[in-house]
Amino acid sequence: MPQKSSPQVRRFLPLILFAVVAIVIAVVVVLPRLQSSSTASIGGAFALQDKTGKTVTDQDFRGKLMLVYFGYTYCPDVCPTTLGMMGQALDKLTPDERKQVASLFITVDPERDTQKVIGDYAANFAPDLVGLTGTPDAIQSVEHEYHVYAQKHVEKDGSYSMDHSSIIYIMGKDGQYRGILSGEVTIAQLVDGIRKQL
């Protein structure tokens, strides 16, 4: 014989149904809209410093396809792997293709990544990879523009690492968003992605 539901369960049943419906609406209706609107708003103006201390803005790269990657020089694995792959992909472009591409490495750790530190680090992967840093506010602003996740993770001994998203942003010659590639993309896929946008 089936058991009758308790008065407490019956009382909360409408709330449970409402929660389920709200989740379904969020997944089916709201989430796709957020994704489509956020894609249109990825990227924007920035003013950061290169290894010489010169202020570099997004306008300096108009007319070039931009590859933008966010990370930090103390990153133990994903950053050097991705930057190494970016450098190898650039090497596979023809000289004419390479002239049309600007590759940027923007720090998420301005506290440690000074102009010289990030500039020298970027140059290890490609001579034309531009390392950029800035004030914490300037970095936070550009992270917001590109919808970058970056969070400091402090250890018990006071040292810290940065948890961050690993995405290569492809920005058109007009500065507009063209697509993203995971940091785990292959060299061939990155080369193909670049050539499709040139």
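Residues numbered from 1 in each chain as written. Predicted model: local features only at pLDDT ≥ 70, side-chain atom pairs only at ≥ 80, totals over all residues. Heavy atoms only, no water.

Draft legend 1. How the structure looks around the overall build of the protein chain. Within the protein chain one finds 6 helices and 9 strands. Relative to its full complement of 198 residues, the protein chain shows a buried share of 38%. Expressed as a percentage of contacts within the protein chain between residues at least 6 apart in sequence, the contacts between residues at least 24 apart total 69%. For the protein chain, the computed accessible surface area is about 11500 Å², with 59% contributed by carbon and sulfur atoms. (Helix = DSSP H or I, 4+ residues; strand = E, 2+ residues; numbered from the N terminus. Buried < 20%, exposed > 50% of the residue type's maximum accessible area, 1.4 Å probe, protein only. Contact = heavy atoms within 4.5 Å. Areas by Shrake-Rupley, 256 points an atom, 1.4 Å probe, with all protein chains shown as cover.)

Draft legend 2. Just the sheet that holds strand S5 (residues 129–132), in detail. On the basis of which strands lie adjacent, the open sheet formed by 5 strands has the order S5-S4-S3-S8-S9 and mixed pairing. Since the sheet does not close on itself, it has two edges, and those belong to S5 and strand S9 (177–182), each with one partner. Going across the sheet, the axis of each strand differs from the next one's by a mean of 25°, ignoring polarity. Here strand S3 (residues 65–71) pairs with strand S8 (residues 167–171) via 4 bridges, running antiparallel. (Pairing = 2+ DSSP bridges. Axes fitted to C-alpha atoms, helices over the stretch in contact; angles between N-to-C directions.)

Draft legend 3. Highlighting helix H5 (residues 136–145). Of all the positions in H5, only Ile139, Val142 and Glu143 are classed as buried. The buried residues of H5 all sit within an arc of 105° when viewed along its axis, so they share a single face. The outward face of H5, more than 90 degrees from its buried face, is lined by the exposed residues Asp137, Gln140 and His144. Its buried side turned inward, H5 meets strand S1 (47–49), S3, strand S4 (101–107) and strand S6 (150–154). Taken from the residues just after H5, His147 is the one with a positive phi, measuring 55°. (Arc of directions from axis to C-beta.)

Draft legend 4. Seen up close, the environment of Tyr69. Here Tyr69 is to be found in strand S3. By relative accessible area, Tyr69 is classed as buried at 0%. The spacing of Tyr69 and Leu83 is 14 residues in sequence and 8.2 Å in space, taken between C-alpha atoms. In this structure Tyr69 touches Val78, Cys79, Thr82, Leu83, Met86, Leu104, Phe105, Ile106, His164, Ser166, Ile167 and Ile168, once residues within four positions along its chain are discounted.

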